[in-house]
Amino acid sequence: MNRFHGNGKLLLSGEYYVLDGAMALAVPTQKGQLLQVSYAPSEHRVLHWKSYDSNGQIWFEARFDIETFEALEGYVSQKSLVLQKILQTTRKISKNFLVGKEYVLVETFLEFPRLWGLGSSSTLIHNIAKWAGINAFDLLAKTMGGSGYDVACAESETPILYERQDGIPRSISVDFNPPFKENLYFVYLGKKQSSAEGISYYEKLKSKKDKLVKELSGITQKIVNSKTLEEFEELISQHEEIIAKNMAMQRVKELYFSDYWGEIKSLGAWGGDFVLATSRKSKEETQNYFLEKGMDTFLTYDEMVKG
């Protein structure tokens, strides 16, 4: 039996503009996804796939012909076609991937709720690439696309600075362990966002991205080196203003939390998934504020971030 694990991800800075070379601060999460593979002799050459959610319930199941990775009758769906493309692309990159195998059972286990947006797709790409012995960024580029920061987080045990130079991914580990981390919280908005739609919107913008890439990269460097909560709040506020102005979007704090005493920063695709909140008040008082807004998923920095 083979087992592979990838960490989830959160993008703390550089969202959208990381696609054009901005340096981004990203963190792997405590929870990720496990992929487990077992083999058995069989008359029928079948890849049987089962995906379990964080409650242990099957949320996706399919069977594929091992020769072609075509989804078998009764298992054709939008999700199975996406997985079929990933498997077929893996075979193109690694010619011997599952060649000669008979019955293969793959089981994936999400450790976080599917709707949280912590990287069910990126951890899958990472795990399949590890299983096949290929480059995960190569597999990502030829299937789902995107900046690749999420795949970098899947294999990192610490926060990273991530950028793409001439389209080539580059990440370095950083010791982002701020002395004010007890004042940082992650809150789930409950509005699942499509990364693909966010990227599509961004790519249609006509703004001068080179200047903004440099500006956001500078802020990212300062965020990593920030020593006080005041400095950190000022930097994330600047970051939010830049993104909001240049993407013609409203800050999430203005939309939902105009009466909040701390700062709120969007993470990744704006408008959904998680936000980062700062607070000088107690954890209980801070959590109660968001509960009154109907948001009951509230995590401390250490509960969310790995490394």
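The rules behind these values
Residues numbered from 1 in each chain as written. Predicted model: local features only at pLDDT ≥ 70, side-chain atom pairs only at ≥ 80, totals over all residues. Heavy atoms only, no water. Helix = DSSP H or I, 4+ residues; strand = E, 2+ residues; numbered from the N terminus. Rg over C-alpha atoms; globule rule 2.2 N^0.38 Å. Buried < 20%, exposed > 50% of the residue type's maximum accessible area, 1.4 Å probe, protein only. Areas by Shrake-Rupley, 256 points an atom, 1.4 Å probe, with all protein chains shown as cover. Expected span 1.5 Å × (residues − 1). Core = buried A, V, L, I, M, F, W, Y, C linked by side-chain atoms within 4.5 Å. Pairing = 2+ DSSP bridges. Axes fitted to C-alpha atoms, helices over the stretch in contact; angles between N-to-C directions. Salt bridge = Lys/Arg side-chain N within 4 Å of Asp/Glu carboxyl O.

Undergrad: Is there a simple way to explain the overall build of the protein in this structure?
TA: For the protein, the count of helices and strands is ten helices and eleven strands. Taking 2.2 N^0.38 as the reference for a compact globule, 307 residues should give roughly 19 Å; the C-alpha atoms of the protein span a radius of gyration of 20 Å, in line with that estimate. Projected onto the principal axes, the alpha-carbon positions of the protein cover approximately 65 × 40 × 30 Å. Here the protein holds 307 residues, and 54% of them are scored as buried. Of the accessible surface of the protein, which amounts to about 14,200 Å², a share of 47% is contributed by carbon and sulfur atoms.

Undergrad: What exactly am I supposed to notice about helix α7 (residues 229-247) here?
TA: Three- or four-residue spacings in an α-helix give side chains the same orientation, since the helix completes a turn every 3.6 residues. With 19 residues, α7 extends 27 Å between its outermost C-alpha atoms, agreeing within 8% with the 27 Å of an ideal straight helix rising 1.5 Å per residue. Taken together, the buried positions of α7 are Leu229, Phe232, Glu233, Leu235, Ile236, Ser237, His239, Glu240, Ile242, Ile243, Ala244 and Met247. Backbone geometry just downstream of α7 places Ala248 in the positive-phi region, at approximately 55°.

Undergrad: Could you clarify how one ought to interpret the nonpolar core in this entry?
TA: Ranked by internal contacts, the top residues of the largest apolar core, which has 40 residues, are Leu10, Tyr17, Phe186 and Phe274. Secondary-structure elements contributing two or more residues to this core are β2 (24-40), β8 (184-188), α6 (209-225), α7, β10 (274-278) and α10 (301-304). With seven residues, α7 is the largest single contributor of residues to this core. Listed in part, the 39 residues of the second largest apolar core include Phe4, Ile128, Ala132 and Cys153.

Undergrad: Help me understand the sheet that holds β10 in this model?
TA: Two pairing modes exist for strands in a sheet, parallel and antiparallel, and in both the strands are linked by backbone hydrogen bonds. Judged by pairing direction, the sheet is antiparallel, and its four strands sit side by side in the order β9-β10-β8-β11 without closing on themselves. Every interior strand has two partners, whereas the edge strands, β9 (264-266) and β11 (298-300), have only one. Sheet twist, expressed as the mean angle between neighbouring strand axes with direction ignored, is 25°. Where β8 and β11 come together, three bridges link them in antiparallel fashion.

Undergrad: Would you mind showing me how to read the pattern of salt bridges here?
TA: Side-chain pairs of opposite charge can arise whenever the charged atoms involved come near each other. Considering all chains together, one arrives at 15 salt bridges under this definition. Measuring nitrogen to oxygen at the nearest pair gives 3.3 Å for the salt bridge that ties Glu230 to Arg280. With Glu230 in helix α7 and Arg280 in the loop between β10 and α9 (283-292), the pair connects residues that are 50 residues apart, well separated along the chain. In this structure Arg280 comes out as partly exposed when scored by relative accessible area, which is 47%. With a shortest N-O distance of 2.9 Å, Glu263 and Arg251 are connected by a salt bridge. Taken together, the residues Glu263 in the loop between α8 (252-256) and β9 and Arg251 in the loop between α7 and α8 connect sequence positions twelve residues apart.

These figures come from the coordinates and say nothing about function on their own.
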